[in-house]
Amino acid sequence: MKIGIVCYPTFGGSGVLATELGKALAANGDEVHFITYDQPVRLKDFPSNIFYHEVTVSKYPLFDYTPYELVLTSKLVDVVKYEKLDMLHVHYAIPHASAAYMAKKILEDQGIIIPFVTTLHGTDITLIGKDSSFVPVVTFAINNSDAVTAVSESLRSDTLIHFEIKREIDVVANFISSEMYSDVVDEKLRKDFAPNGEKILVHVSNFRKVKRVDDVIKVFKGIREKISVKLIMIGDGPERHSVEEICRKEGVCVDVKFVGKTKSVEKLLAISDLFLLTSATESFGLAALEAMACGVPVVSTNTGGIPEVNKDGISGLLNDVGDIGAMTKNALKILSDEAVLKRYKKQAKEIALQFDITKILPQYQAIYSRVLNQ
Ligand code: GMT
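Structural notes, computed from the coordinates. None of these values were measured; they are calculated from a predicted model.

Reading the values: the criteria
Residues numbered from 1 in each chain as written. Predicted model: local features only at pLDDT ≥ 70, side-chain atom pairs only at ≥ 80, totals over all residues. Heavy atoms only, no water. Near = heavy atom within 4 Å. Polar contact = N/O pair within 3.5 Å; in protein donor to acceptor, adjacent residues only side chain to side chain. Areas by Shrake-Rupley, 256 points an atom, 1.4 Å probe, with all protein chains shown as cover. Helix = DSSP H or I, 4+ residues; strand = E, 2+ residues; numbered from the N terminus. Expected span 1.5 Å × (residues − 1). Buried < 20%, exposed > 50% of the residue type's maximum accessible area, 1.4 Å probe, protein only. Contact = heavy atoms within 4.5 Å. Pairing = 2+ DSSP bridges. Axes fitted to C-alpha atoms, helices over the stretch in contact; angles between N-to-C directions. Salt bridge = Lys/Arg side-chain N within 4 Å of Asp/Glu carboxyl O.

### Points about the site of the ligand
- Around the ligand, 18 residues are found, and the nearest of them are His121, Asn174, Arg208, Lys211 and Glu282.
- Lys211 has a polar side-chain atom sitting 2.7 Å from an oxygen atom of the ligand.
- If the ligand stood free it would expose 480 Å²; the protein chains cover 95% of that surface.

### Focus: helix 14 (residues 338–353)
- For helix 14, with 16 residues, the first-to-last C-alpha span of 23 Å sits near the 22 Å given by 1.5 Å per residue.
- Those residues of helix 14 not exposed but buried are Val340, Leu341, Tyr344, Gln347, Ala348, Lys349, Ile351 and Ala352.
- On its buried face, helix 14 is in contact with strand 8 (199–204), helix 11 (286–293), helix 12 (306–309), strand 13 (316–319) and helix 13 (324–335).
- Its side-chain oxygen placed 2.9 Å from the backbone nitrogen of Ala339, Asp337 serves as the N-cap of helix 14.

### A closer look at the sheet that holds strand 13
- In spatial order, the strands read 10-9-8-11-12-13; together these six strands make up an open sheet with parallel pairing. Edge positions in the open sheet fall to strand 10 (256–260) and strand 13, since each of these has one partner strand only. For this sheet, the mean inter-axis angle between neighbouring strands, taken without regard to orientation, is 20 degrees.
- Examined bridge by bridge, strand 8 and strand 9 (residues 229–234) share six bridges and lie parallel to one another. Opposite His203, over in strand 9, you have Met233 as the bridge partner.

### Re the environment of Ser145
- In this fold, Ser145 is placed in the loop between helix 5 (135–143) and strand 6 (147–150).
- When its relative accessible area of 5% is taken as the criterion, Ser145 is described as buried.
- For the pair Ser145 and Glu187, spaced 42 residues apart in sequence, the C-alpha to C-alpha distance is 49 Å.
- Excluding its chain neighbours within four sequence positions, the residues that come into contact with Ser145 are Phe116, Thr118 and Arg167.

### Structural notes on the pattern of salt bridges
- Summed over the entire model, instances satisfying the criterion amount to 21 salt bridges.
- For Lys105, the salt bridge identified is with Glu108, shortest N-O distance 3.1 Å. Of this pair, Lys105 and Glu108 both sit in helix 3 (residues 93–108), separated by three residues, roughly a single helical turn.
- Take Lys105: its relative accessible area is 35%, and that puts it in the partly exposed class.
- For Glu108, a relative accessible area of 37% gives the class partly exposed.
- Here Arg240 and Glu244 are joined by a salt bridge, their closest N and O atoms 2.6 Å apart. In this pair, Arg240 and Glu244 are both assigned in helix 9 (residues 240–250), four residues apart and thus about one turn of the helix distant.
- Judged by its relative accessible area of 19%, Arg240 falls in the buried class.
- Residue Glu244 is classed as partly exposed on the basis of its relative accessible area, which comes to 22%.
- Several salt bridges converge on common partners, so that one network encompasses Glu20, Lys23, Arg42 and Glu290.

Below, the structure written as structure tokens:
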């Protein structure tokens, strides 16, 4: 099969997932064409059956806002036609699903049939998507996709609540490739971050408001009052500056290290003892799943799709959004007893294996077959 994948090429969960999916399909023998405005960050190698087509947006003096969606549509038409693609899989509804629909119609006019699958990832529904300025377009694009998937039951149900949907939505969870993650600790690296045997907490995100990163610092402060701990903050984004200010205000900077958008997330996860995920809303929580794949338990909020991956009392503990006290108490419950920590680490890894690519890829492949045969 020849498939075109459209995604955001950034560190965000939807782009990571789309890229890993493309790589897995290629490893399975399919021909994969990534169509994005930049090379996806997780796309490091180029085997003979992976291709990248850049969507280049030129600036014209007339446009205050260059119409990216139209440039993407033209690129899709071009790639489908000349690379003879069988189907498109677009990740994140805005604006990828409507661009795919437009490309499909243009190609139909030229006698070319190109079905497309839309995967909803989260904020395309729960935040931006339900903004009234997008609702009609998002609703139309979902209803007119050839198949639609959501990354959790929770996101599926949010989509049905916020939009007038007249079609089936399949739930296909986020995945990890367990081969990529190891629970083997690099002792030297661990010592660099925790020279005196402190426990290591970790947070990974794009530092947007929705992640409530301030809460990570507040919880860390509470834990630090009881046991020796260090905190590794991975990622970057709009809230980074204010979070650093909170660290200063709370007087915890000396034990917090901001490492930015590192490419070796797995190595840092593997030396960590506990992952903190404080999001106000989260359709799934791929970052938590990646931590669990390294045998790191998760103390998180209980919002959206998080309970579908972080199993309460097994891989970690769930808490209400903003409940700093409960998150601190629960983190201490896991960290203060070596036997308890060991048990949670083992269980986190076991749960993560349930989301291995080998279990999830066939679900996408079944949807592709259905779409190509309809
Ligand atoms: O905001 C982010 O976390 C990035 C965002 C994205 O679309 O790039 O992530 C969303 O998609 C991920 C992959 O499906 C999910 O695991 C995340 O939970 C989801 N983020 C939110 O819902 C906030």
